[in-house]
Amino acid sequence: MGNVKRIGIMGGTFDPIHFGHLVTAEEARINFELDKVIFVPTGNPPHKKDYEVTEPEHRYLMTALATNSNPFFEVSRIEIERKGYSYTVDTLNQLVEIYGKDTSLFFISGADAVLDILTWKNIKGVLDVCTFIAATRPGYPIKKLKDKLEEIKKLYGKDVYLLEVTAIAISSTEIRRRVKEGRSIKYLVPEGVEEYILKNGLYR
């Protein structure tokens, strides 16, 4: 795989992907000197959602549209093509097979997801093959998160790095709500994603 030695992995449902995801990935790329960031839309996420997740192919295509202008971003179909539930540990092990053990993987996640990390399947296996980056926003209540990071360090001897990202108060939940209510999502998502959502009648 050439000179690629430091890869960021950005997992998520991306339902839909928005500028908050893209800014976070770019900040992580620069701050951690990553060769590239691979976006991995979840296939069948095991953690129950309070809404019906949009079909994987739609989410994959929106992610591809959102990232195609950045030469350091890629989108992977690993999880959406996997049968059954998608677990992070399986994805990371697959990426290790693809890129080799001398490649460093950095898993980029929102701070909220890190609070649930100890409930993930085979979390020791996850922490053994990647370095975690927890992205926070200015004003994020940091104490609870720092307590969780200390717990992870104590249990597994692994550091999770904090990355404060420029405040972009955008959420996929809010975007879905706005579409359903017939309100504009312009400047919340890339133009191609906005057009895709409207053209395919998503979130109505």
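Each chain carries its own residue numbering, running from 1 in the direction its sequence is written. Per-residue local features of the predicted model are confined to residues with pLDDT of at least 70, and side-chain atom pairs are confined, for both listing and counting, to 80 or more; whole-chain, interface and lining totals are unaffected and use all residues. Heavy atoms throughout the structure, all of them, feed into the side-chain values; hydrogens and water do not.

The name an unreviewed UniProt entry gives the protein chain is Probable nicotinate-nucleotide adenylyltransferase, with Fervidicola ferrireducens as the organism. UniProt positions are given in the numbering used here, feature names are shortened, and annotations may be inferred rather than shown by experiment. Here the protein chain is described in UniProt, under the heading Function (unreviewed entry), as follows: "Catalyzes the reversible adenylation of nicotinate mononucleotide (NaMN) to nicotinic acid adenine dinucleotide (NaAD)."

A. A look at unusual backbone geometry. The residue after D15, namely P16, is reached through a cis peptide bond having omega 0°. Along the polypeptide, P16 turns up in the loop between β1 (6-12) and α1 (19-31). In the Ramachandran plot, Y187 falls in the positive-phi region, its phi being about 70° despite a non-glycine side chain. Relative to the elements of secondary structure, Y187 occurs in the loop between α7 (172-180) and α8 (191-199). Each residue is placed in one exposure class: buried if its accessible area under a 1.4 Å probe, protein chains only, is under 20% of its type's maximum, exposed if it is over 50%, and partly exposed if it falls in between. Exposure remark for Y187: the relative accessible area of 69% places this residue in the exposed category. In the Ramachandran plot, Y203 falls in the positive-phi region, its phi being about 65° despite a non-glycine side chain. With respect to the helices, strands and loops of the structure, Y203 is situated in the segment after α8. A run of DSSP states H or I qualifies as a helix once it reaches four residues; a run of E qualifies as a strand once it reaches two. Both are numbered from the N-terminal end.

B. Structural context of the sheet that holds strand β4 (residues 104-110). For two strands to be treated as a pair, DSSP must find at least two bridges joining them. In spatial order, the strands read β3-β2-β1-β4-β5-β6; together these six strands make up an open sheet with parallel pairing. Strands at the two margins of the open sheet, each flanked by one partner only, are β3 (73-75) and β6 (160-164). Within this sheet the neighbouring strands show an average axis-to-axis angle of 30°, counted without direction. Bridge count for β4 against strand β5 (residues 131-136) is five bridges, and the pairing is parallel. Residue pairing across strands places S109 opposite A134, the latter belonging to β5. Contacts are assigned to residue pairs that have any heavy atoms within 4.5 Å of one another. Note on method: axes are straight lines fitted to C-alpha atoms, helices fitted across the in-contact stretch only, with angles between N-to-C directions ranging 0 to 180 degrees. Contacting β1, β2 (36-41), β3 and β4, helix α3 (residues 88-99) runs over the sheet at an angle of about 150° to β4.

C. Structural view of the side chain of T24. Position of T24 relative to the elements: it lies in helix α1. Side-chain polar atoms of T24 contact the backbone oxygen of G20, separated by 2.8 Å. With near-sequence residues (within four places) excluded, T24 lies in contact with M10, I108, A135, L163 and V165. Whenever a nitrogen or oxygen atom comes within 3.5 Å of another N or O atom, the pair is scored as a polar contact, on the condition that within protein one atom can donate a hydrogen and the other can accept it, and that pairs from neighbouring residues in sequence are kept only if both atoms are in side chains.

D. Representation of the packing of helix α2 (residues 56-67) against α8 within the structure. Two elements in contact, α2 and α8, have axes whose closest approach is 8 Å; the angle formed by their N-to-C orientations is 150°. When the axis of α2 is compared with that of α8, the two are roughly antiparallel. Crossing of α2 over α8 shows right-handed handedness. Between α2 and α8, the contacting residues are H58, L61, M62, L65 and A66 on the first element and G192, V193, Y196 and I197 on the second. Each residue receives one of three labels: charged for Asp, Glu, Lys and Arg, nonpolar for Ala, Val, Leu, Ile, Met, Phe, Trp, Tyr, Cys and Pro, and polar for the others, Gly being one of them. Looking at side-chain class alone, the contact of α2 with α8 contains seven nonpolar, two polar and no charged residues. Our angle categories are set so that under 35 degrees counts as roughly parallel, over 145 as roughly antiparallel, 65 to 115 as roughly perpendicular, and the remainder as oblique. Left-handed describes a crossing whose near helix is turned anticlockwise from the far helix through less than a right angle; right-handed describes the clockwise counterpart.

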